Amino acid sequence: MSTLTWTPDAPGELLPGWRAADVAAADAARLATGVDLMAVAAHALAGRCAALLRERAGGVSGRAVVLLVGPGNNGGDALLAGASLRRRGAGVTALLLADRAHEGGVAGLRAAGGRVIRPHPDDEADLHHAADLVRDADLVVDGVLGIGARGAVRGAAHDLLERVALRGGAVVACDLPSGLDPDTGALSGPVLPADVTVTFGAAKAGLLLPRGRHVVGELVVVDLGLEEHLPDPALHLVRDGGAPDLPGPHVAVRWPRPWRDADKYARGVLGVAAGDDRYPGAAVLACSAAAASGVGMVRYVPADGRAAAVDPVGPLVLRAVPELLVQPLADVGRVQAWVVGPGVSEPDDPRVRHVLEEADEPAVVDAGALQAAARLTREGTLRRPDRLLLTPHRGELERVAGVLGLERREDAVDTARDVVARTGAVVLLKGADTVVLTPEGRTTVVPGGPPWLATAGAGDVLAGVAGALLAAGTAPGRAATLAAHVHAVAAHRASRGGPLHAALVADEVRGVVADALGARVPGEGLASGGAPVLWDDGARD
Ligand SMILES: NC(=O)C1=CN([C@@H]2O[C@H](COP(=O)(O)OP(=O)(O)OC[C@H]3O[C@@H](n4cnc5c(N)ncnc54)[C@H](O)[C@@H]3O)[C@@H](O)[C@H]2O)[C@@H](O)CC1
Ligand SMILES: Nc1ncnc2c1ncn2[C@@H]1O[C@H](COP(=O)(O)OP(=O)(O)O)[C@@H](O)[C@H]1O
Ligand SMILES: [K+]
């Protein structure tokens, strides 16, 4: 599977993505100014195809290019790019896979000397021949469907894609890989994973969402001058620092830093209400990760109101983080934020009740506290939802949605959006990639760690990192995005391509943050440079 990178090296911390309808409307507005958008799009597409041919096949002239052409303008782009490649000496064959094809495109390719074939959808020999052409090509341009796509690819294109889906040669997707839903990234039917996706005018949201991201390859966004015609983006993707184990500029700019004469209380005290006799390790992991993230102090609150002297979990936590305080619920000192739920197995744990029903500080609500948050939402008694960050994985999200009585959705991101709307809290949806959704309607996709991160306790580490950020005054939405990114980068470092366990991820967190803060922030010199930087209040999200 390819991973997504994007070119040119766009400035900024986040890559925005838009809904197909918004891009189509912007296209129309721009077309009305008299610009030949298709010519610009096809020119850029041909340029990237030529570059890929040079990289992969040693040149353009004499190389075999096959165009998969659908009924609309997407096929038109591919045909015109094919004409350009033909003029550069490539052998270009267009396979027309629908009952109609862009007329100007077909004429342009023919005029340049390209070959045009229309395989009969019911003729086995025709399809067989077409599949052979695709398999033997140095480069395939996927121009079957673009933003006009509705559902899985149908007809001859479907049958052909099914036959060639696992071919080895280079694939360039025109605007988007056909079969990928431009809004949700859902893949239906056969899809040719692309080495490069050349997308026009603006990145489509589906190219950045978890399900779509992995068939996009390198993403090239062609500037069509649409900026002034586009509304706010539907979502953003967080960029890394150039490699998965390097933190991106997002962290350098937004991670809270202590000012010069800060003290431990002002820097943020985190209460951790996690772990019990069944799951003591969750407390260790959440506290270790919080300490590694730069919190001023951790107060660990054991189960059942037990004093430190008799609680069996306290000594384990103290061994991992000697500087923390073990304080039973009745005696816990002031905190600026909470982590509640990791490793909490009793639904009636008094710590959960305290944090969700009595406390007013911001809180990360994870694992054993999620259903209680849902139940209290239903009963209308959940306190300060706008200061809560819910961190479910898919299974937990389903259960939360069930308690809330929400309609079943096919896509977990849609379910998460419904949970945000119903609870008024930020939701961080865990998975191979992480998606953060806020009540203000902001959706941020954070590229995940390696699949090795799907391991017990990894979520406890994430909760600790996010809790430290909340304690420092970072708003829940921003804390979620920062924590998920640092967690993923730390996991890449802990893994180095091989197995990891959760405690190793917590160990890497400190180095990831240090590297991010040592990095230069564009226009600001050294990120940590001299002048006091106050914990900010999240207003910049
Ligand atoms: N609008 C513009 O000005 C620009 C459009 N451009 C290109 O035009 C594309 C959009 O063109 P269109 O609106 O013609 O849409 P498409 O080229 O995506 O094709 C949509 C057509 O395919 C058919 N179709 C839809 N879903 C199907 C399915 N599941 N299986 C089989 N056939 C299906 C429908 O008949 C529909 O008319 C963009 O993706 C982009 O490549 C670019 O040239 C840039 C400028
Ligand atoms: N396939 C995967 N690839 C990468 N990261 C994953 C994958 N599956 C889960 N993760 C990440 O691993 C962590 C698992 O958290 P969680 O399910 O809460 O585990 P636990 O409850 O054992 O701590 C999350 O950060 C999640 O995003
Ligand atoms: K396409």
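Residues numbered from 1 in each chain as written. Chains lettered and ligands numbered in written order. Predicted model: local features only at pLDDT ≥ 70, side-chain atom pairs only at ≥ 80, totals over all residues. Heavy atoms only, no water.

Side note on the coordination of the potassium ion (ligand 3)
Rule in force here: Excluding water, the donors of a metal are its N, O and S neighbours within 2.8 Å, or within 3.2 Å for Na, K and Ca, and that exclusion means sites may look incomplete. A four-donor site is classed as tetrahedral when every donor-metal-donor angle falls between 85 and 135 degrees; four donors are called square planar, and six octahedral, when trans pairs exceed 155 degrees and all remaining angles lie between 65 and 115, with any other arrangement labelled irregular. Helix numbers and strand numbers start at the N terminus; a helix is a DSSP run of H or I with at least 4 residues, a strand a run of E with at least 2.
Every protein donor of the potassium ion (ligand 3) is accounted for by N74 (OD1), D142 (O), L145 (O), C174 (O), L176 (O) and S178 (OG), and the metal-donor separations fall at 2.6 to 3.0 Å. Coordination at the potassium ion (ligand 3) is irregular, judged from the six donor atoms that bind it and the angles of 71 to 173 degrees they form at the metal. We note that the donor set of the potassium ion (ligand 3) lies within a single chain, spaced as N-x67-D-x2-L-x28-C-x1-L-x1-S. Placement of N74 in helix α3 (residues 73–87) and of S178 in the loop between β7 (170–174) and β8 (196–200) is noted, with a sequence separation of 104 residues between them.

Overview of the site of ligand 2
To be explicit about the condition: Put simply, a residue is near a molecule or strand once any heavy atom of it comes within 4 Å of that molecule or strand. Polar contacts here mean pairs of N or O atoms no more than 3.5 Å apart (in protein, one a potential hydrogen donor and the other a potential acceptor; neighbouring residues in sequence count only if both atoms are side-chain atoms). Only the protein chains shown count as cover for residues, and all accessible areas are computed by the Shrake-Rupley method using a 1.4 Å probe. Asp, Glu, Lys and Arg are counted as charged, while Ala, Val, Leu, Ile, Met, Phe, Trp, Tyr, Cys and Pro are counted as nonpolar; the rest, among them Gly, fall into the polar class.
Looking at ligand 2, there are 17 residues lining it, with K430, G431, G457, G459 and H487 nearest. For ligand 2, an oxygen atom lies 3.3 Å from a polar atom in the backbone of A458. One of the backbone nitrogen or oxygen atoms of G459 is found 2.7 Å away from an oxygen atom of ligand 2. When ligand 2 is considered free in solution it has 580 Å² of accessible area, and contact with the protein chains removes 77% of it. Of all the elements, helix α17 (residues 458–471) adds the most residues to the shell around ligand 2, at three residues. Here the residues of the shell around ligand 2 are counted per class, giving seven nonpolar, eight polar and two charged.

Here we look at the nonpolar core
To be explicit about the condition: By convention a nonpolar core is built from buried Ala, Val, Leu, Ile, Met, Phe, Trp, Tyr and Cys residues, the set being connected through side-chain atoms within 4.5 Å. Working definition: with a 1.4 Å probe on protein chains only, accessible area under 20% of the residue-type maximum means buried, over 50% means exposed, and in between means partly exposed.
Counting residues in each nonpolar core, the largest one holds 61 residues, and the members touching the most others are W255 and Y300. Of all hydrophobic cores here, the second largest spans 43 residues; its members include L45, V116, V220 and L230.

Topic: the domain arrangement of the protein
Defined as follows: Domain segmentation is taken from an automatic or database assignment of domains. Throughout, a contact is declared for two residues whenever any of their heavy atoms are within 4.5 Å. Buried surface area refers to the total accessible area, computed with a probe of radius 1.4 Å, that the two partners give up upon joining, counted for both partners together. Criterion for a salt bridge: a side-chain nitrogen of Lys or Arg within 4 Å of a carboxyl oxygen of Asp or Glu.
Segmenting the protein into domains produces domain 1 (5–235) and domain 2 (249–268 + 338–518). Distance between the C-alpha centres of domain 1 and domain 2: 37 Å. If you look at the interface, domain 1 gives 12 residues, while domain 2 gives 12 residues. Contact between domain 1 and domain 2 buries roughly 1,000 Å² in total, counting both sides, with carbon and sulfur atoms accounting for 55%. When residues of domain 1 are sorted by the area they lose upon contact with domain 2, E13, L14 and P210 head the list and together hold 48% of the total. Counting every contact that joins domain 1 to domain 2 gives three salt bridges. Ionic pairing is found between R211 and D411, a salt bridge with its closest N-O pair at 3.0 Å. Counting across the domain 1 and domain 2 interface gives four residue pairs in polar contact (both at pLDDT 80 or more). In terms of residue count, helix α8 (residues 210–213) provides more of the side of domain 1 that touches domain 2 than any other element does, three residues in total. Of the residues belonging to the side of domain 1 that touches domain 2, the class tally is six nonpolar, three polar and three charged.

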